[in-house]
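This is what each chain is made of:
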Amino acid sequence: MFAAERRQLILEMVRANGAVSLRELARVVQTSEVTVRRDVRALEAEGLLDRRHGGAVLPGGFTRESGFPQKSHLATAEKTAIADVAAGLVEEGEAVVVGAGTTTQELARRLARVPGLTVVTNSLLVAQALAHANRVEVVMTGGTLRGSNYALVGSGAEQSLQGLRVSRAFLSGSGLTAERGLSTSNMLSASVDRALVQAAAEVVVLADHTKLGTDTMFQTVPTDVMTRLVTDEPPPHDDRAATELQALADQGVQITVAGGPVASGGVDGMGARRPRRDSPLPVQRRGGPTAQLRSALPLGDPGERERERARVADMRRR
């Protein structure tokens, strides 16, 4: 495929979806992310689209919000991985709030397997995902339906959350920066998300790498309120996304990278990896064959164990 053909296809994808990740563009045009990044830069120079960390958006994307049909096809693999990790944070019998969004919808599908759970949500998509979970109680807020993302918003939604207290809130948004935290492009959605935050003891933000470094109009979760961020591994050459993650960690946000280890107040899965706290450290085996012999020592006969130890000692002397 020639460069002009690739760029035309990239432009058509961005126009159709509002925002597309570099990974998805590279997959569709069947080339490397490095080549796609050059194409996106060329299209940006012509004023046809804007670059974002790990993706491309329509010009003026600061105020534009894609609807559910477009968002549901963006970074689907990343959202699935993030939802898998986030679901592991929820324990039996907990009460949580789950905000609107395609990533939180993926989370809700996994929460259906957690017994004794109570989920408070303003999202019809989240409620639908949990509708047939017999051991999960779903509490819907009031409010006015916002059709573009199937969420209940307005004063009715906000008032129904007053006096509520749960263990944690799971929220997503349109952009995430270390400077402003999580943000969204719609004022009504932002107001309800802020009310959800107020109801929770901990706040977990779910955001794939394409949202890192993107700033939109209305702040929903300030950085100093975020307890944890669950995200995916940014592309290898996306240094700005890695820098954004480190800046969030420096401000005390716990970063969990889907597919990588869990961090507490730091960034794992980026650069030098840290071992999981709940996994055994790699054991350096010394002594070559001797180590294997030790593991094969018989357990039943004490005399046999002594003879085996003598054979091992004899091998060492040789």
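Keep in mind the model is a prediction, meaning the values are calculated, not measured. (Residues numbered from 1 in each chain as written. Predicted model: local features only at pLDDT ≥ 70, side-chain atom pairs only at ≥ 80, totals over all residues. Heavy atoms only, no water.)

Before going further, it helps to examine the sheet that holds strand β14 (residues 228-232). Read from one edge to the other, the open sheet built from seven strands follows the order β6-β5-β4-β9-β12-β14-β15, with strand pairing classed as parallel. Of all strands in the sheet, those bounded by a partner on one side alone are β6 (136-140) and β15 (254-258). Shown here is a sheet whose adjacent strand axes are inclined to one another by a mean of 20°, direction ignored. In this sheet, strand β12 (residues 200-206) lies alongside strand β9 (residues 166-171) in parallel orientation, the contact comprising five bridges. Opposite Val-166, over in β12, you have Ala-200 as the bridge partner. (Pairing = 2+ DSSP bridges. Helix = DSSP H or I, 4+ residues; strand = E, 2+ residues; numbered from the N terminus. Axes fitted to C-alpha atoms, helices over the stretch in contact; angles between N-to-C directions.)

Taking 1.5 Å as the rise per residue, helix α5 (residues 76-87) with twelve residues should run 16 Å; its terminal C-alpha atoms sit 16 Å apart, in good agreement. Along α5, the residues that are buried comprise Glu-78, Lys-79, Ile-82, Ala-83, Ala-86 and Ala-87. Down the axis of α5, the smallest arc covering the buried residues is 160°, so these residues share one side. (Expected span 1.5 Å × (residues − 1). Buried < 20%, exposed > 50% of the residue type's maximum accessible area, 1.4 Å probe, protein only. Arc of directions from axis to C-beta.)

A few words now on the packing of α5 against helix α6 (residues 102-111). Two elements in contact, α5 and α6, have axes whose closest approach is 8 Å; the angle formed by their N-to-C orientations is 50°. With respect to their mutual orientation, α5 and α6 come out oblique. Crossing of α5 over α6 shows right-handed handedness. For the pair formed by α5 and α6, the contact residues are Lys-79, Thr-80, Ile-82, Ala-83, Asp-84, Ala-86 and Ala-87 on the first element and Thr-102, Thr-103, Glu-106, Leu-107, Arg-110 and Leu-111 on the second. Grouping the constituent residues of the contact of α5 with α6 by class yields six nonpolar, three polar and four charged. (Parallel < 35°, antiparallel > 145°, perpendicular 65-115°, else oblique. Left-handed = near helix turned anticlockwise from the far one by under 90°. Contact = heavy atoms within 4.5 Å. Nonpolar A, V, L, I, M, F, W, Y, C, P; charged D, E, K, R; others polar.)

Before going further, it helps to spend a moment on the pairing of strand β4 (residues 95-98). Alignment of β4 against strand β5 (residues 117-121), held across four bridges, turns out to be parallel. Note that in β5 the partner of Ala-95 across the bridge is Thr-118. Considered for its hand, the β-α-β crossover made up of β4, α6 and β5 is right-handed. With three bridges joining them, β4 and β9 adopt parallel strand pairing. In the sheet register, Val-98 faces β9, and the bridge partner there is Phe-170. (Right-handed = clockwise from strand over helix to strand, strands pointing away.)

Per the stated rule, a full pass over the model turns up twelve salt bridges. Linking Glu-44 and Arg-51 is a salt bridge whose minimum nitrogen-to-oxygen distance equals 2.8 Å. The partner of Glu-106 in a salt bridge is Arg-110, and the shortest N-O contact between them spans 3.1 Å. Note that Glu-106 and Arg-110 are positioned in helix α6 at a spacing of four residues, about one turn of the helix. Given the relative accessible area of 17%, Glu-106 is considered buried. Classification of Arg-110 as buried rests on a relative accessible area of 14%. Connected via shared salt-bridge partners are Asp-84, Glu-106, Arg-109 and Arg-110. (Salt bridge = Lys/Arg side-chain N within 4 Å of Asp/Glu carboxyl O.)

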